[in-house]
Amino acid sequence: MYITSLTLQELEEKVKQIGWERYRAHQILNWIYKRFVLDFEQMTNLSKEQRAFLKDNYLIHSLELLKVVEAPDSKKFLFKTRDGHIIETVLIYERDHLTLCVSSQIGCAVGCTFCATAKDGLTRNLRVEEIIGQFLQVQSLTKDKIRNVVFMGMGEPLANYENVRKAVEIMVSSWGLDLSKRRVSISTSGLINQLNRMAQDPLMRELNLAVSINAPFQSLRESLMPLSKTNTLEELLEVLYSFPYPPDRRIMIEYVLIHGVNDEVEHAKELARLLKKGKKKFKVNLIPFNPDPELPYKRPPMEKVYRFQKVLWEEGISTFIRISKGIGLFGACGQLRSKRLVLR
Ligand code: SF4
């Protein structure tokens, strides 16, 4: 069993069952989540027998670090799961903090046509200890504290709701990684049922929410994101207009700009119209497509990106351009890739 798949309460139950004092659970999690000690032997406030018991019965994490690829503004970590799959995690150096982009699934079933991860389909959901293990391993190798987490790596996080939720609980609890809820972001392709579930969930609805729209017209969105056939743009926007955020918070709309596909002025105008239709305010993140030799799309020239941004600005919508950190290493949701990159 993995310690990092348990909440404090669950670990307290376990230690009680084996006759230890309750506070031992707190001590163990303190080593892991506050000091990033990933070896029971080093937990020196436990007795020798207790350390031996933990070593015989528990593991801390399950990922093997295979490789680190460095770029000036980011670092990509490739991990192998115990059943032999490769997952990726990216550490991004922002101006004054570090952000960790974690994966939530091996592959993805959503099938966006601009996404490398979609090519392999879904293999399986990541387990709680595999999500938390990405953070722990990277943090234990990184001097500065990681304060932001984005679920924007491989996979659709809301399709792995239970495990992502428990990992989030560990991330934001004071006994866990103690991150602020406002510094954890869920990036989704727009699964309507799961967004409704998130809206009802006091833990999840306080996180930052980013939703990939990518096209302001239903037929275009269907061609880029096949899930849109059953999770239509109109229904998705209705869910977003009524998402229970306090008035000062804005949902982030992610829009991957693809040359000659969704980057014209008419697209920007229609997007602005849709976002202004409800009472809610939105922010827009424009992500120029990160070219990939296996995908049939191109990145638009920067003049087109700026023109798109200008139209949204003129409509009063705060719009940012997110140039992929570590180009070639990291792109938008799902432009992380695994097996092929390692094999190369
Ligand atoms: S872009 Fe995100 S949601 Fe779409 S297929 Fe890729 S990983 Fe899945």
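Here the structure is a predicted model, which is why all the values come from computation and not from measurement.

## Some details on the environment of S185
Of note, S185 is situated in strand β8 (residues 184–188). Residue classification places S185 among the buried positions, given a relative accessible area of 15%. Considered as a pair, S185 and V150 are 35 residues apart in the sequence and their alpha carbons are 4.6 Å apart. Sequence-distant contacts of S185, that is, excluding residues within four places in its chain, are made with V149, V150, F151 and N208. Within the structure, S185 has its side chain in polar contact with the side chain of N208 (distance 3.4 Å).

## A closer look at the pattern of salt bridges
Evaluation of the coordinates by the stated rule reveals 21 salt bridges. Linking K181 and E206 is a salt bridge whose minimum nitrogen-to-oxygen distance equals 3.5 Å. Here the residue K181 occupies a position in the loop between α5 (161–172) and β8, and E206 occupies one in the loop between α6 (192–200) and β9 (208–212), the gap between them amounting to 25 residues. E206 sits in the partly exposed class, given a relative accessible area of 39%. Between E314 and K310 there is a salt bridge, with the nearest N and O atoms lying 3.2 Å from each other. Placement of the pair is E314 and K310 together in helix α10 (residues 302–314), with a separation of four residues, close to one helical turn. When salt bridges that share partners are traced, they join D83, R124, R127, E129 and E130 into one network.

## Regarding the domain arrangement of the chain
One frequently used descriptor of interface size is the decrease in accessible area upon assembly of the parts. Under the domain assignment used here, the chain contains domain 1 (3–57) and domain 2 (64–343). Here domain 1 and domain 2 have C-alpha centroids that lie 34 Å from each other. Contacts between the two partners involve 13 residues from domain 1 and, on the opposite side, 17 residues from domain 2. The largest per-residue losses of area from domain 1 upon contact with domain 2 belong to T4, Y33 and F36, which jointly make up 44% of the total buried on that side. The interface formed by domain 1 and domain 2 holds one salt bridge in total. Among the ionic pairs, E10 bridges to K166, the shortest N-O distance being 2.8 Å. One can count four residue pairs in polar contact (both at pLDDT 80 or more) joining domain 1 with domain 2. Within the residue set of the side of domain 1 that touches domain 2, elements represented by two or more residues are α1 (8–17) and α2 (23–33). Looking at the side of domain 1 that touches domain 2, the element that brings in the most residues is α2, giving four residues.

## Some words on the packing of α1 against α2
Here α1 crosses α2 at 130°, and the two axes come no closer than 8 Å. The orientation of α1 with respect to α2, classified from their angle, is oblique. Two packed elements cross with a definite hand, and for α1 against α2 that hand is right-handed. Across the interface between the two elements, L8, L11, E12 and V15 from α1 touch A25, H26, I28 and L29 from α2. Tallied by class, residues from the contact of α1 with α2 come to six nonpolar, one polar and one charged.

## Focus: unusual backbone geometry
Positive phi outside glycine occurs at D178, with the angle close to 60°. Mapped onto the elements, D178 comes out in the loop between α5 and β8. Positive phi values are uncommon outside glycine, yet N214 reaches one of about 65°. You can see N214 is positioned in the loop between β9 and α7 (218–224). A relative accessible area of 1% means that N214 is categorised as buried.

## Notes on the confidence of the model for the chain
When pLDDT is averaged along the chain, the result is 92; 94% of the residues meet or exceed 70. No element of the chain has a lower mean pLDDT than helix α11 (residues 339–343), at 36, and none a higher one than α5, at 98. Low pLDDT, under 50, characterises residues 327–332; the stretch is placed with 23 contacts to residues that sit more than four places away or in other chains. Ignoring residues within four places in sequence, the model shows residues 336–344, a span with pLDDT below 50, making 29 contacts including any to other chains.

## Some words on a positive patch on the surface
Where like charges cluster on the molecular surface, the positive patch consists of K34, K145, R147 and R183. R147 gets classed as partly exposed once you look at its relative accessible area, which sits at 44%.

## Considering the sheet that holds strand β11 (residues 282–288)
Read from one edge to the other, the open sheet built from 10 strands follows the order β1-β2-β3-β4-β7-β8-β9-β10-β11-β12, with strand pairing classed as mixed. Each edge of the open sheet is held by one strand with a lone partner, namely β1 (64–71) and β12 (318–321). In this sheet, adjacent strand axes meet at a mean angle of 20° when their direction is disregarded. With seven bridges joining them, strand β2 (residues 74–80) and strand β3 (residues 86–93) adopt antiparallel strand pairing. For L78, the partnering residue across the bridge sits in β3 and is E88.

Rules used throughout
Residues numbered from 1 in each chain as written. Predicted model: local features only at pLDDT ≥ 70, side-chain atom pairs only at ≥ 80, totals over all residues. Heavy atoms only, no water. Helix = DSSP H or I, 4+ residues; strand = E, 2+ residues; numbered from the N terminus. Buried < 20%, exposed > 50% of the residue type's maximum accessible area, 1.4 Å probe, protein only. Contact = heavy atoms within 4.5 Å. Polar contact = N/O pair within 3.5 Å; in protein donor to acceptor, adjacent residues only side chain to side chain. Salt bridge = Lys/Arg side-chain N within 4 Å of Asp/Glu carboxyl O. Domains from an automatic or database assignment. Buried area = accessible area lost by both parts, 1.4 Å probe. Axes fitted to C-alpha atoms, helices over the stretch in contact; angles between N-to-C directions. Parallel < 35°, antiparallel > 145°, perpendicular 65-115°, else oblique. Left-handed = near helix turned anticlockwise from the far one by under 90°. Nonpolar A, V, L, I, M, F, W, Y, C, P; charged D, E, K, R; others polar. pLDDT = per-residue confidence, 0-100. Patch = residues over 30% accessible without salt bridge, like charges linked within 9 Å, V, L, I, M, F, W, Y side chains within 5 Å. Areas by Shrake-Rupley, 256 points an atom, 1.4 Å probe, with all protein chains shown as cover. Lys, Arg positive; Asp, Glu negative; His and termini not counted. Charge placed at Lys NZ, Arg CZ, Asp CG, Glu CD. Pairing = 2+ DSSP bridges.

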